[in-house]
Amino acid sequence: MSKPRAQMLLAVACAASTFAAGCGGGDDRGNSQALCRETEQALTGQQGPRLLVSAQLLARLRERATAQDPDWLALRAQCDGWAAAAVNPPSGPAYGSGATVASGYQGDGYLDPVLSLGLCYRTVAGTDAGAATKYAPAGAKVLDAVSTPESQGGAKPSTDHGYGIRNYGVGMALGYDWLKPGLAAATKQRVVAALDNWIGWYDVGGFTKNHPIANYFVGYLLAKTFAGLAVEGDDP
C-alpha cells in the first residue's frame, strides 16, 4: 500500500476518532489526537508498534511486568497457555479445548490468542529473550492459521456478506503490527496476501461498504485502516 494512501487512511481514522472523543470531553479528545500523532511518527520511521500501543503505554506495561503486577501475571499465564496450544486452521473444528486455539464464530476465536501473544511479546521484547522467542512463534502460528489461503481451506471473505472481516482482517492487522519483529518473511507475506484478499473482496461486495452504519461497516473500516498502517512499506 502506498504511503499517500496509508496516510489518507490515517487521516480518516484520526478524524473519526477525534470527533467521537470530542463528544466525551476535552481530555478524551486530546488523548485521541496525541495517539494519532504517535501513529504518524511511527509511520515515518520511528520504532515500535504502529497500532494502539503507544510508547507510553508500552512503558507502563513493562513497568507492571517488572513489578510483577497481578494483571501482568494473569496475562503472562494466558500467553504461556496459548504458546503451548495447538492451532486449528479455519477448515478444522471451530471450537476446541483450553489447549487448542480454534476459529470460533467466523474467526472470533483467533482474536484473543493473537492479541494477547502480541502484547506479551512487545512487553518482554528486549528484556526477556527467552519469553520473546516463545511468544513470537506462538503468535506467528496463529497468524499462519488465520491467513490460510482459501484454496487451502481458509475462511472465505464472502461468508455472511463479509461478517468475518471484523475478526480475520482486524486480527491479522493487529497481530502483524504487534508481532512484526518476530515474524518470519514467509508469515509476513502470507498475512499481507490474506489482508489484500479480504479487503479487496469487501471493497467490491461487502455489506454496507458504502454506508457508514452498523457493525459490518465498522469492521471493514477498522480492518482496512489497521491493515494500511500495519503493512505500510511491506505491501507495494
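The rules we used
Along each chain, numbering runs from 1 in the same order as the chain's sequence is written. Given that this is a predicted model, residues contribute local features only at a pLDDT of at least 70 and side-chain atom pairs are listed and counted only at 80 or more, while totals for whole chains, interfaces and linings are drawn from all residues. Side-chain calculation: all heavy atoms of the structure are included, whereas hydrogens and water are not. Secondary structure elements are defined from DSSP: runs of H or I of at least 4 residues count as helices, runs of E of at least 2 residues count as strands, and each element is numbered from the N terminus. Exposure categories follow from relative accessible area, calculated using a 1.4 Å probe and restricted to protein chains: below 20% of the type maximum is buried, above 50% is exposed, and the middle band is partly exposed. Any two residues having at least one pair of non-hydrogen atoms within 4.5 Å are treated as being in contact. Working definition of accessibility: Shrake-Rupley area with a 1.4 Å probe, residue cover restricted to the visible protein chains. A helix is expected to span 1.5 Å multiplied by its residue count minus one. Of the grid points, spaced at 1 Å and generated over the protein atoms alone, those admitting a 1.4 Å probe that cannot get out make up cavities, while open sets with protein on both sides within 12 Å along at least five of seven lines make up pockets; any residue with an atom within 4 Å of a point is treated as lining. Grid points are joined across faces, edges and corners, and a volume is the space filled by probe spheres set on the points. All residues other than Ala, Val, Leu, Ile, Met, Phe, Trp, Tyr, Cys, Pro, Asp, Glu, Lys and Arg, Gly among them, are scored as polar; the first ten of these are nonpolar and the last four charged. Under the rule applied, a polar contact is a pair of N or O atoms within 3.5 Å (in protein, one hydrogen donor and one hydrogen acceptor; residues adjacent in sequence only if both atoms are side-chain atoms). Known as pLDDT, the predictor's per-residue confidence is scaled from 0 to 100. The term salt bridge refers to a side-chain nitrogen of Lys or Arg lying within 4 Å of a carboxyl oxygen of Asp or Glu.

A few words now on the overall build of the chain. When helices and strands are tallied, the chain shows 9 helices and 2 strands. Traced from its N-terminal end to its C-terminal end, the chain shows the element sequence α-α-α-α-β-β-α-α-α-α-α. Taken across its 236 residues, the chain has 45% of its residues classed as buried. Considering only contacts in the chain between residues 6 or more positions apart, those separated by 24 or more positions represent 69%. For the chain, the accessible surface area stands at approximately 11300 Å², while carbon and sulfur atoms represent 57% of it.

What follows concerns helix H7 (residues 168-179). Across its 12 residues, H7 extends 16 Å between first and last C-alpha, which sits within 8% of the 16 Å expected from 1.5 Å per residue. For H7, the buried fraction is high: 12 of the 12 residues fall into the buried class. Those residues of H7 not exposed but buried are Tyr-168, Gly-169, Val-170, Gly-171, Met-172, Ala-173, Leu-174, Gly-175, Tyr-176, Asp-177, Trp-178 and Leu-179. Next to the buried residues of H7 lie helix H5 (108-124), helix H6 (129-146), helix H8 (185-205) and helix H9 (214-230).

For Arg-76, the location among the structural elements is in helix H4 (residues 70-83). Judged by relative accessible area, Arg-76 falls into the partly exposed class, the value being 31%. Each C-alpha atom, one on Arg-76 and one on Val-124, is 10.0 Å from the other, the two residues being 48 residues apart in sequence.

A few words now on empty space enclosed by the protein. This structure, assessed with the given rule, holds 1 cavity of 30 Å³ or more. Counted as a void, the largest cavity has a volume near 40 Å³. Contributing elements (two or more residues each) for the lining of the largest cavity: H5, H6 and H7. In terms of residue count, the dominant contributor to the lining of the largest cavity is H5 (3 residues). In terms of residue class, the lining of the largest cavity is made up of 6 nonpolar, 2 polar and no charged.

The next point concerns the environment of Gly-98. Relative to the helices and strands, Gly-98 resides in the loop between strand E1 (86-87) and strand E2 (100-101). A relative accessible area of 71% places Gly-98 in the exposed class.

Here we come to the side chain of Ser-54. Positionally, Ser-54 belongs in the loop between helix H2 (26-43) and helix H3 (55-66). A polar contact of 3.1 Å, which involves the side chain of Ser-54, links it to the backbone nitrogen of Leu-57.

Mean pLDDT for the chain: 87, with 80% of residues reaching 70 or above. Low pLDDT, under 50, characterises residues 18-25; the predicted model gives this stretch 8 contacts beyond four residues in sequence or across chains.

Let's shift gears to the pattern of salt bridges. Within this structure, the stated rule accounts for 5 salt bridges. Here Arg-64 ties to Asp-69 by a salt bridge, and the two come within 3.3 Å at their closest N and O atoms. Close ionic contact of Asp-203 with Lys-224 constitutes a salt bridge, the shortest N to O distance being 3.0 Å. A residue pair is termed long-range when its members are at least 10 positions apart, and Asp-203 in helix H8 and Lys-224 in helix H9 qualify at 21 residues.

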